[in-house]
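Structural overview for review
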Amino acid sequence: MRVAVVTGGAGAIGSAVVERLTAEGWIVHAPTHRQMDLQFPHSLDRFARAVERLDALIHCAAIHGPIGPLTDPADWPPVFQTVVFGPLHLTRVLLPKLSPTGAIIFLSGGGAVGPRPRFSAYACAKAAVVRLASQFAAEYPTLKVNAVAPGVVKSRLHHSTLAAHDAAGSEYADALRVMAGTHPKQVPPTMAARCIAWLVSDPAAPTGRLIAAPFDPWQDWQHGVPVPPLPAYSLGRLLPSPG
């Protein structure tokens, strides 16, 4: 049976991924915060030692970090450790356990391909994750390594936005709509979960790309429609062909 590790498995997207892969017959390990803390490399090493083999590693854990106008960089390390450095360390220590044709997924998010005012630490960390995925894809060409943007999904991250209130700017009102289920662009976490399940299961899936689950035609690609070439000077975002 195929084996996956999913970080952030208790969150909205992580739990949807766990449920989807389990339904498809995967053995899924979703470590709790007590079992593995992305802030501490020794905790990641200890978890990795307990993993015997692996077919997919899916990074879903995230925090917003400081919220407000161009926040103090002294407050940035926790979000970068959770979103970038922790996943990088965990991926490196699990690589010897990962199948040579296995898959790695990083979650992209708001700010990865454009500015996100008042969420500078989170936006910069997510941009770094997209490049990190493409780096792994280039250096390990037999693996499938991608970043997935889940879209506007109701999650615990919105609690930090609401707690920030005025510091979050216009996103405070957006978070209220998301929590109420009335945001016009809101999508269920199962959409990203379906996309991720395809990327880690299909040998013909692309690699080194950023795929927006709500917007890119990945369901067409599942059925043989060619994946468009990667645009030059991009962060890997796949744009549908015009017309």
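The structure this text deals with has already been given above.
Residues numbered from 1 in each chain as written. Predicted model: local features only at pLDDT ≥ 70, side-chain atom pairs only at ≥ 80, totals over all residues. Heavy atoms only, no water.

1. Brief notes about the overall build of the protein chain
Keep this limit in mind: Each helix corresponds to a stretch of at least 4 residues labelled H or I by DSSP, and each strand to a stretch of at least 2 residues labelled E; elements are numbered beginning at the N terminus. Exposure is judged per residue with a 1.4 Å probe applied to protein chains only, and the accessible area is read against the type maximum: over 50% gives exposed, under 20% gives buried, and values in between give partly exposed. The method behind every accessible area is Shrake-Rupley, applied with a 1.4 Å probe, and residues are considered shielded solely by the protein chains displayed. We score Asp and Glu as negative and Lys and Arg as positive, and we do not count His or the chain ends. To locate a charge, the coordinates of NZ of Lys, CZ of Arg, CG of Asp or CD of Glu are taken.
Assigned secondary structure in the protein chain consists of 8 helices and 6 strands. Expressed as lengths along the three principal axes of its C-alpha atoms, the size of the protein chain is roughly 50 × 50 × 35 Å. Across the 243 residues of the protein chain, 49% fall into the buried class. Counting every atom, the protein chain has about 11600 Å² of accessible surface; 59% of that belongs to carbon and sulfur. Looking at the protein chain, you have 20 positive and 15 negative side-chain charges, and the mean spots of the two groups are 2 Å apart.

2. Things to note about the packing of helix 3 (residues 77-94) against helix 4 (residues 120-139)
Here is the rule we go by: Only the stretch in contact is used when a helix axis is fitted, and all axes are lines through C-alpha atoms; the angle between N-to-C directions ranges over 0 to 180 degrees. Here the word oblique covers every angle except those under 35 degrees (roughly parallel), over 145 (roughly antiparallel) and from 65 to 115 (roughly perpendicular). In this scheme the crossing of two helices becomes right-handed for a clockwise turn of the near helix relative to the far one and left-handed for an anticlockwise turn of less than a right angle. Residues are treated as being in contact if the distance between any of their heavy atoms lies within 4.5 Å. Residue classes follow a fixed rule: Ala, Val, Leu, Ile, Met, Phe, Trp, Tyr, Cys and Pro count as nonpolar, while Asp, Glu, Lys and Arg count as charged, and any other residue, Gly among them, counts as polar.
At a minimum axis distance of 8 Å, the contact between helix 3 and helix 4 shows a crossing angle of 20°. By the criterion of interaxial angle, the relationship of helix 3 to helix 4 is roughly parallel. The crossing of helix 3 and helix 4 is right-handed. Taken together, the residues of helix 4 that come into contact with helix 3 (itself represented by Val79, Phe80, Val83, Val84, Leu88, Thr91 and Arg92) are Ala121, Tyr122, Cys124, Ala125, Lys126, Ala128, Val129, Leu132 and Phe136. Classifying every residue of the contact of helix 3 with helix 4 by side-chain character gives 13 nonpolar, 1 polar and 2 charged.

3. Comments concerning helix 2 (residues 41-49)
Selection criterion: To obtain the arc, one takes the directions from the helix axis to the C-beta atoms.
Among the residues of helix 2, those classed as buried are Ser43, Leu44, Phe47 and Ala48. Looking down the long axis of helix 2, one finds its buried residues gathered within 135° of arc, a one-sided arrangement. Helix 2 presents His42 and Arg49 as exposed residues on the side facing more than 90 degrees away from its buried surface. Lining the buried residues of helix 2 we find strand 1 (3-7) and helix 3.

4. Points about the pairing of strand 5 (residues 144-149)
Here is the key point about a regular strand: its side chains alternate between the two faces of the sheet. Note the threshold: A right-handed crossover is one whose linking path, passing over the helix from the first strand to the second, runs clockwise when the strands point away from the viewer. In this analysis, strands are considered paired if DSSP registers two or more bridges between them.
Burial analysis of strand 5 places 6 of its 6 residues in the buried class, which makes it a mostly covered element. Burial of strand 5 is two-sided: the residues Lys144, Asn146 and Val148 facing one way and the residues Val145, Ala147 and Ala149 facing the other way are all buried. Note on the crossover from strand 4 (residues 98-107) through helix 4 to strand 5: the handedness is right-handed. As paired elements, strand 5 and strand 6 (residues 210-212) share 3 bridges and run parallel to each other. By the bridge assignment, Val148 is partnered in strand 6 with Ile211.

5. Digging into the pattern of salt bridges
Quick note on the threshold: Here, a salt bridge means any Lys or Arg side-chain nitrogen found within 4 Å of an Asp or Glu carboxyl oxygen.
Inspection of the entire model under this criterion finds 4 salt bridges. Linking Arg177 and Asp174 is a salt bridge whose minimum nitrogen-to-oxygen distance equals 2.3 Å. With a gap of 3 residues between them, Arg177 and Asp174 both fall in helix 6 (residues 171-180), about one helical turn apart. Assessed through its relative accessible area of 35%, Arg177 is described here as partly exposed.

6. Things to note about unusual backbone geometry
Residues apart from glycine generally show negative phi values, whereas peptide bonds are mostly found in trans. The phi torsion at Leu70 lies on the positive side, around 35°, for a residue other than glycine. Tracing the backbone through its elements, the reader meets Leu70 in the loop between strand 3 (54-59) and helix 3.

7. Considerations on the nonpolar core
As a reminder of what qualifies: Definition of nonpolar core: a set of buried residues of the types Ala, Val, Leu, Ile, Met, Phe, Trp, Tyr and Cys, connected through side-chain atoms within 4.5 Å.
One finds Leu54, Leu90, Leu94, Ile104, Phe106 and Val145 to be the most contacted residues of the largest nonpolar core, which totals 42 residues. Among the secondary structure elements, those contributing two or more residues to this core are strand 1, helix 2, strand 3, helix 3, strand 4, helix 4, strand 5 and strand 6. For this core, the element with the highest residue contribution is helix 4, accounting for 9 residues. Look past the residues within four positions of Val145 in its chain and what remains in contact with it is Ile104, Phe106, Ala133, Phe136, Ala137, Thr207, Gly208 and Arg209.

8. Some details on the pairing of strand 1
With 5 of its 5 residues buried, strand 1 lies for the most part within the structure. Alternating positions in strand 1 separate into two faces, Val3, Val5 and Thr7 on one and Ala4 and Val6 on the other, with burial throughout. Of the strand pairs in this sheet, strand 1 and strand 2 (residues 27-29) are connected by 3 bridges, and their pairing is parallel. Across the sheet, the residue bridging to Ala4 is Val28, located in strand 2. In this region the chain leaves strand 1, passes through helix 1 (residues 12-23) and returns to the parallel neighbour strand 2; the handedness of that crossover is right-handed. In this structure, strand 1 lies alongside strand 3, joined through 4 bridges in parallel fashion. Following the sheet pairing, Thr7 is matched in strand 3 by His59.

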